[in-house]
Amino acid sequence: MLRKELRYLAPEVALSKRVSLTGDVYSIGVLAYELITGATIDGGPDSPEEADVDVLIDFHRHVTMQILPPRDWVAREGHIGQIEASLPPQQLSDIIMRCLGKEPDTRYSSLESLAYDLSTFVRICRTGGDLSRFKVGEIDDLARFALPVRPIHREQQLEALQVAYKHIVDTDDQTRVVNISGLSGSGKTRIVQYFVSELEAPGTDRPTVVAWAKMHESNQTPLYSFRQIFTSLLDRYLADPTEDVKQWQQTIRDTLGASFQLFLSLLPSEYWRLLGADTEGRNINELDWPKLNASLSK
Ligand SMILES: Nc1ncnc2c1ncn2[C@@H]1O[C@H](COP(=O)(O)OP(=O)(O)OP(=O)(O)O)[C@@H](O)[C@H]1O
Ligand SMILES: [Mg+2]
């Protein structure tokens, strides 16, 4: 049953079983797609008997596949079932695709805004109006209350961060601590996140990676901010399948030299393994296991 109807479920609904309004928007999109094109959105068979026998493959395909817009589909096929097809208007195709966003945030945020676009579309078609002036999703965008990406009224603070950062880059001064203080909820985290996202944005001539930490006066862990900074960097690099973990482990070891043990002792123990060290700080890549086993079994 689930497999037969799988294609009607939004990806996040199929994965989490959590139902939501934007999940319904997706399902309506699938239905509309099938009505307009006479085909399933994944181009696959519509009965489970003919479908792949592997449920995992079905799920994977469902969640990852790119959907060809209805207009492009009809243009490619030239017919719907047995019937010669005329192209559906671009706007109708766009409305359906806006229902079929992979991420819930990219779909219509409510059935009302979907209904608004559909009825506007129908009205313009009936009265022979100018479809090109109709902007799909415009009302939906206005109806969402979304904060701008840039923090509001924080130009001065962002400028101060920029000055501090430039100072580090322009001079050899590599250890400078910038403390940001303010009332809880005044936007400290938000400012730093925004500033960092700009620095790390792809396409800049100076690729940068930034880690930052929150000070906790009440936290008794030694060098707590240091731990946060390093563990966040280790999470990013040593958990990234495109990075060479062994090479990073060696670089960190070489760079820290005699301080490696101390460094290790400051980190939570789950990171030792990630750094290629056993509980005594030895390099697990270099341990002579047969010899060690032999000595243990003696
Ligand atoms: N200037 C601002 N512009 C836009 N959003 C803001 C601004 N200031 C605060 N916010 C929003 O208010 C909420 C609280 O802000 P934030 O978490 O950055 O506060 P904080 O100073 O880090 O607080 P805490 O000391 O509790 O960590 C966030 O959702 C943030 O996006
Ligand atoms: Mg904060």
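Quick summary incoming for the structure in this document. (Residues numbered from 1 in each chain as written. Chains lettered and ligands numbered in written order. Predicted model: local features only at pLDDT ≥ 70, side-chain atom pairs only at ≥ 80, totals over all residues. Heavy atoms only, no water.)

### Section: the overall build of the chain
Piece 1. The secondary structure content of the chain amounts to 15 helices and 2 strands.
Piece 2. For a compact globule of 298 residues, the expected C-alpha radius of gyration is about 19 Å, and the chain comes in at 28 Å, more than 25% above that figure.
Piece 3. Considered along the principal axes of its C-alpha atoms, the chain spans approximately 80 × 60 × 35 Å.
Piece 4. In the chain, which comprises 298 residues, the share counted as buried stands at 29%.
Piece 5. Sequence-distant contacts in the chain: of pairs separated by 6 or more residues, those separated by 24 or more amount to 56%.
Piece 6. Roughly 20000 Å² of accessible area belongs to the chain as shown, and the carbon and sulfur atoms make up 56% of that amount.
Piece 7. Once the 32 positive and 42 negative side-chain charges of the chain are each reduced to a mean point, those two points are 4 Å apart. (Helix = DSSP H or I, 4+ residues; strand = E, 2+ residues; numbered from the N terminus. Rg over C-alpha atoms; globule rule 2.2 N^0.38 Å. Buried < 20%, exposed > 50% of the residue type's maximum accessible area, 1.4 Å probe, protein only. Contact = heavy atoms within 4.5 Å. Areas by Shrake-Rupley, 256 points an atom, 1.4 Å probe, with all protein chains shown as cover. Lys, Arg positive; Asp, Glu negative; His and termini not counted. Charge placed at Lys NZ, Arg CZ, Asp CG, Glu CD.)

### Some details on the site of ligand 1
Piece 1. Inspection of the region around ligand 1 gives Pro151, Ile152, Arg154, Leu183, Ser184, Gly185, Ser186, Gly187, Lys188, Thr189, Arg190 and Lys214 as its neighbouring residues.
Piece 2. A distance of 3.4 Å separates an oxygen atom of ligand 1 from a polar backbone atom of Ser186.
Piece 3. Coverage of ligand 1 by the protein chains reaches 68% of its 640 Å² of free accessible surface. (Near = heavy atom within 4 Å. Polar contact = N/O pair within 3.5 Å; in protein donor to acceptor, adjacent residues only side chain to side chain.)

### Topic: the state of the cysteines
Piece 1. Applying the stated criterion across every chain, the model contains 0 disulfides.
Piece 2. Not engaged in a disulfide, the cysteine Cys99 finds its nearest cysteine sulfur in Cys125; these two sulfurs lie 16 Å apart.
Piece 3. For Cys99, a relative accessible area of 3% translates into the label buried. (Disulfide = S-S within 2.5 Å.)

### Considerations on a nonpolar patch on the surface
Piece 1. A cluster of nonpolar side chains, namely Leu21, Ile28 and Leu111, defines an oily patch on the protein surface of about 230 Å² accessible area.
Piece 2. With a relative accessible area of 33%, Leu111 lands in the partly exposed category. (Patch = residues over 30% accessible without salt bridge, like charges linked within 9 Å, V, L, I, M, F, W, Y side chains within 5 Å. Salt bridge = Lys/Arg side-chain N within 4 Å of Asp/Glu carboxyl O.)

### Focus: the side chain of Arg253
Piece 1. One can find Arg253 in helix 12 (residues 245–256).
Piece 2. With residues up to four places along the chain from it excluded, the contact list for Arg253 reads Phe260, Gly276, Ala277, Gly281, Arg282 and Asn283.

### Let's talk about the nonpolar core
Piece 1. Among the nonpolar cores identified, the biggest contains 24 residues, and Tyr26, Tyr33, Ile41, Ile67 and Leu100 are the most heavily contacted of them.
Piece 2. Setting aside its immediate chain neighbours within four residues, Ile67 contacts Tyr26, Tyr33, Ile41, Met97, Leu100 and Lys102.
Piece 3. Residues Ile252, Phe263, Tyr271 and Leu275 belong to the second largest nonpolar core, which totals 10 residues. (Core = buried A, V, L, I, M, F, W, Y, C linked by side-chain atoms within 4.5 Å.)

### Looking at the packing of aromatic side chains
Piece 1. Counted under the stated rule, the structure contains 6 aromatic pairs.
Piece 2. Three or more aromatic residues link up through ring pairs in this structure, and these residues are Phe226, Phe230, Phe260 and Phe263.
Piece 3. Here the guanidinium or amino end of Arg98 rests over the ring plane of Tyr108, the centre of that ring lying 5.2 Å away. (Phe/Tyr/Trp six-rings, centres within 6.5 Å; stacked < 30°, edge-to-face > 60°. Lys NZ or Arg CZ within 6 Å of the ring centre and 35° of its normal.)

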